[in-house]
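# Notes for the structure review
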Amino acid sequence: MSLTIPDARRNASPYLYGREAASVARVLEAGQYGHTDLTAEFERRIAAHLGVPDAVAVSSGTAALHSALLATGIGLGDEVIVPSLTFCATVQAIRAVGAAPRFIDVDRATLCITPELVMEAATEDTAAVLPVLFGGRAVDLNSLREDLTERGIVVIEDAAHAFGSHRGPHHVGADDTALTCFSFGPVKNLTCGQGGAVIPRTPEEAATVRRLRMLGVTQSQSERAEATSYQVEGFGLRYQLSSVNAAIGLTQLDHFDTTVRSRRHLWRAYSDALGELEGATLVDVDLDRTVPHLCQVRVPYRDHVFAHLRARNIGVGFHYPPNHLQPAFARWTRDLPATERVSREILSLPFHQHLAEADVHRVVTALGHALKAAGGR
Ligand SMILES: *Cc1c(COP(=O)(O)O)cnc(C)c1O
């Protein structure tokens, strides 16, 4: 049985190294399904990799965002500045604490928010800014540092795309002015199968997220095993990362350097191949600092180009339908011209481990045909 489709038919797939299954088998054989020392080891390895004092592993990227918002006390009556152009999980996390998303536009060239766009949108009610590190790009709000602190606005980064990327000399996550949230979902830069992490700013924040992810209980598993009671200290959910998922993540970390090289190599191959093609504009990244999560182009007649490529078994994708136009978030909709424009232009090319350079050329050639066909309609 083959579990992978080794060509350009799919848009994304995990980078796997043939060792993940054995790591999981060891956990299952040892009968350690829940949150165990392995999860703690995963946290230490993530923290060491990023060069930060601590990392708190949780069950998903969505759980990471929700926990970070809870830990910083964001809730009813608060406004959270967020780009509309993101996965719906970002906005659902804001809604989960009862806060209101204040949707903002993005820069068409990077698909990311800018300090200017944030400051334009900030109001009395703004309690947090939630930048999305789209495609792995390290959005930099450092120029707003004093302004935001003065207004009591916290920065919670959605770095679901950006594990491994750098901002200046440091890893994304190492900035102590923001809480950073990673996703280790199936197709993210690093995968646990399903998982996530919060990088807290302080030991207190770390303790709060640890309590939140364990139903509000602070005693460790071994402490609970030795006592006839436990204490529920506050609100909490079942958000911990299982050792099964931690085992996958640990194996992934062993090979992360290879993932970084492969993703950059593939992105560069696309960049070179697209250089010869008229009509498609690559959404650029700073490849030295970024672990590219997606390879996106802006094209005219996008829906036609998309359909043309899909009909030819090229796994093009789309990231993402704008949230301010979603029925669930209609109450918070506003005019976002750049977002609406790019959302009609962007197309995600197949981007994963199973693509050879020949596939890249096949995709780009097919894209050329699709552009001609769409333009000549
Ligand atoms: C994947 C993703 C999330 C959510 O992560 P999950 O692990 O799937 O819950 C949040 N934001 C963005 C931008 C994502 O791509």
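Since this is a predicted model, take the numbers as computed values, not measurements.

It is worth spelling out the overall build of the protein chain at this point. Counting its secondary structure elements, the protein chain contains 13 helices and twelve strands. Over its C-alpha trace the protein chain gives a radius of gyration of 21 Å, about what one expects of a compact globule, namely 21 Å for 377 residues. Seen through its principal axes, the protein chain has C-alpha atoms that stretch 75 × 55 × 40 Å. Looking at the 377 residues of the protein chain, the share that counts as buried comes to 55%.

With that settled, consider the sheet that holds strand β12 (residues 346-348). An order of β10-β11-β12 is seen for the three strands of this open sheet, with the pairing classed as antiparallel. Because the sheet does not close on itself, it has two edges, and the strands there are β10 (281-282) and β12. By the bridge criterion, three bridges tie strand β11 (residues 296-298) to β12 in an arrangement that is antiparallel. The residue bridging Arg298 from the neighbouring strand is Ile346, located in β12.

Right, let's get into the domain arrangement of the protein chain. Splitting the protein chain by domain gives domain 1 (20-254) and domain 2 (256-375). Here the C-alpha centre of domain 2 lies 26 Å away from the C-alpha centre of domain 1. Regarding the contact of domain 1 and domain 2, the summed buried area is about 3,100 Å², with carbon and sulfur atoms giving 56% of it. Area buried by domain 1 at its contact with domain 2 is led by Phe103, Arg108 and Asn189, which between them contribute 22% of it. Where domain 1 meets domain 2, there are one salt bridge. Of the charged contacts in the structure, one is a salt bridge between Arg108 and Glu345, with a shortest N-O distance of 3.0 Å. Looking at the side of domain 1 that touches domain 2, the elements with two or more residues in it are α4 (88-96), β3 (100-104) and α9 (243-254). For the side of domain 1 that touches domain 2, the element with the most residues is β3, which contributes five residues.

A separate point is the nonpolar core. Core analysis: the largest hydrophobic core is formed by 57 residues, its most contacted members being Phe42, Ile46, Phe163 and Phe184. Counting only elements with at least two residues in this core, the list comes to α1 (20-29), α2 (37-50), α5 (115-121), β8 (178-183), β9 (196-199), α9 and α10 (256-274). Two domains each put at least three residues into this core: domain 1 (20-254) and domain 2 (256-375). Ignoring any residue separated from it by four or fewer positions in sequence, one finds Phe42 in contact with Ala57, Phe184, Leu190, Cys192, Leu241, Ala246, Gly249, Leu250 and Leu253. The next biggest cluster of nonpolar side chains, apart from the first, holds 33 residues, and it includes Val299, Ile314, Leu355 and Val360.

Attention shifts here to helix α11 (residues 302-311). For α11, every residue scored as buried is listed here: Arg302, Val305, His308 and Leu309. End-on view of α11: buried residues confined to an arc of 130°, all on one side of the axis. Facing away from the buried side of α11, by more than 90 degrees, are the exposed residues Asp303 and Ala311. Along its buried surface, α11 packs onto α12 (337-343), β12 and α13 (357-375). Positive backbone phi, at 65°, marks Asn313, one or two positions downstream of α11.

Neighbouring residues of the ligand: 14 residues in total, closest Gly61, Thr62, Asp158, Ser183 and Lys188. His161 is positioned with one of its side-chain polar atoms (N or O) 2.9 Å from an oxygen atom of the ligand. With respect to the ligand, the side chain of Tyr320 contributes an N or O atom lying 3.1 Å from an oxygen atom. Notes on the ligand: free accessible area 380 Å², of which the protein chains cover 91%. Contributing elements (two or more residues each) for the shell around the ligand: α3 (61-71) and α4. When grouped by side-chain class, the residues that make up the shell around the ligand number four nonpolar, eight polar and two charged.

Under the criterion given, the structure shown has zero disulfides. A disulfide-free cysteine, Cys88 has its sulfur positioned 16 Å from the sulfur of Cys181, the nearest such atom. Residue classification places Cys88 among the partly exposed positions, given a relative accessible area of 33%. With no disulfide partner, Cys112 has as its closest neighbouring cysteine sulfur the one in Cys295, 15 Å distant.

Turning next to the packing of α10 against α13. One way to put it is that α10 packs onto α13 with a least axis distance of 10 Å and a crossing angle of 40°. Taken as axis vectors, α10 and α13 run oblique relative to one another. Judged by the twist between their axes, the crossing of α10 over α13 is right-handed. Here His265, Leu266, Ala269, Tyr270, Ala273 and Leu274 of α10 lie close against α13, whose contacting residues are Glu357, Val360, His361, Val363, Val364 and Leu367. Partitioned by chemical class, the residues of the contact of α10 with α13 number nine nonpolar, two polar and one charged.

Parameters at a glance
Residues numbered from 1 in each chain as written. Predicted model: local features only at pLDDT ≥ 70, side-chain atom pairs only at ≥ 80, totals over all residues. Heavy atoms only, no water. Helix = DSSP H or I, 4+ residues; strand = E, 2+ residues; numbered from the N terminus. Rg over C-alpha atoms; globule rule 2.2 N^0.38 Å. Buried < 20%, exposed > 50% of the residue type's maximum accessible area, 1.4 Å probe, protein only. Pairing = 2+ DSSP bridges. Domains from an automatic or database assignment. Buried area = accessible area lost by both parts, 1.4 Å probe. Salt bridge = Lys/Arg side-chain N within 4 Å of Asp/Glu carboxyl O. Core = buried A, V, L, I, M, F, W, Y, C linked by side-chain atoms within 4.5 Å. Contact = heavy atoms within 4.5 Å. Arc of directions from axis to C-beta. Near = heavy atom within 4 Å. Polar contact = N/O pair within 3.5 Å; in protein donor to acceptor, adjacent residues only side chain to side chain. Areas by Shrake-Rupley, 256 points an atom, 1.4 Å probe, with all protein chains shown as cover. Nonpolar A, V, L, I, M, F, W, Y, C, P; charged D, E, K, R; others polar. Disulfide = S-S within 2.5 Å. Axes fitted to C-alpha atoms, helices over the stretch in contact; angles between N-to-C directions. Parallel < 35°, antiparallel > 145°, perpendicular 65-115°, else oblique. Left-handed = near helix turned anticlockwise from the far one by under 90°.

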